[in-house]
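A look at the structure
Residues per chain are reported as follows:
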Amino acid sequence: MLSETPGLLSVIPLFPDERDEEMRSMYMLEVAPDHLGAAMEQLHRNPKVESAEETAPRKLIR
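Let me begin by describing the structure that accompanies this report. For clarity, every value in this text was computed on a predicted model and none was experimentally measured. (Residues numbered from 1 in each chain as written. Predicted model: local features only at pLDDT ≥ 70, side-chain atom pairs only at ≥ 80, totals over all residues. Heavy atoms only, no water.)

**Focus: the nonpolar core**
Membership of the largest hydrophobic core is limited to 5 residues, which are Leu2, Met40, Leu43, Val49 and Ala52. Beyond its immediate chain neighbours, meaning those up to four positions away, Leu2 contacts Leu8, Val11, Leu29 and Leu43. (Core = buried A, V, L, I, M, F, W, Y, C linked by side-chain atoms within 4.5 Å. Buried < 20%, exposed > 50% of the residue type's maximum accessible area, 1.4 Å probe, protein only. Contact = heavy atoms within 4.5 Å.)

The structure is reproduced here in structure tokens:
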């Protein structure tokens, strides 16, 4: 289902060893920056995707 996501680089399960089915169904997608808008649009239109959010920008402090 996620393989059609524009610019998809990788799919990472957030809780791969979790027994709870809902927790096991959560993933983080790595998407090429130039495809982010199209990827988010497609994910939001997909009835099988409950929610999709971009990672919030954050400033790294050294």
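From this point, things continue past the structure.
**Some words on a nonpolar patch on the surface**
Nonpolar side chains collect at one region of the surface, where Ile12, Leu14, Phe15, Met26 and Met28 lie side by side and expose about 400 Å² of accessible area between them. Mapped onto the secondary structure, Met26 falls in the loop between α1 (21–24) and β2 (27–31). Looking at Met26, the relative accessible area reads 33%, which means it is partly exposed. (Patch = residues over 30% accessible without salt bridge, like charges linked within 9 Å, V, L, I, M, F, W, Y side chains within 5 Å. Areas by Shrake-Rupley, 256 points an atom, 1.4 Å probe, with all protein chains shown as cover. Salt bridge = Lys/Arg side-chain N within 4 Å of Asp/Glu carboxyl O. Helix = DSSP H or I, 4+ residues; strand = E, 2+ residues; numbered from the N terminus.)

**Thoughts on the environment of Glu54**
Inspection of the secondary structure assignment puts Glu54 in the segment after α2 (36–45). The sequence separation of Glu54 and Leu29 amounts to 25 residues, and the corresponding C-alpha distance is 9.6 Å. The residues contacting Glu54, other than those within four sequence positions of it, are Leu36 and Met40.

**Remarks on a negative patch on the surface**
Taken together, Asp17, Glu18, Asp20, Glu21, Glu22 and Glu50 make up a surface patch of like negative charges. In this structure Glu22 comes out as exposed when scored by relative accessible area, which is 53%. (Lys, Arg positive; Asp, Glu negative; His and termini not counted. Charge placed at Lys NZ, Arg CZ, Asp CG, Glu CD.)

**Some thoughts on the pattern of salt bridges**
If the charged atoms of two oppositely charged side chains come close together, the side chains can form a pair. Under the criterion given, the structure shown has 1 salt bridge. One salt bridge in this structure joins Arg45 and Glu41, with 2.9 Å as the shortest N-O distance. With Arg45 and Glu41 both in helix α2, this residue pair falls 4 residues apart, about one helical turn. When its relative accessible area of 47% is taken as the criterion, Glu41 is described as partly exposed.

**Description of the environment of Val31**
With respect to the helices and strands, Val31 occurs in strand β2. Assessed through its relative accessible area of 17%, Val31 is described here as buried. The sequence separation of Val31 and Leu9 amounts to 22 residues, and the corresponding C-alpha distance is 5.3 Å. If we skip the residues at most four places from it in the chain, Val31 touches Pro6, Gly7, Leu9, Leu36 and Ala39.

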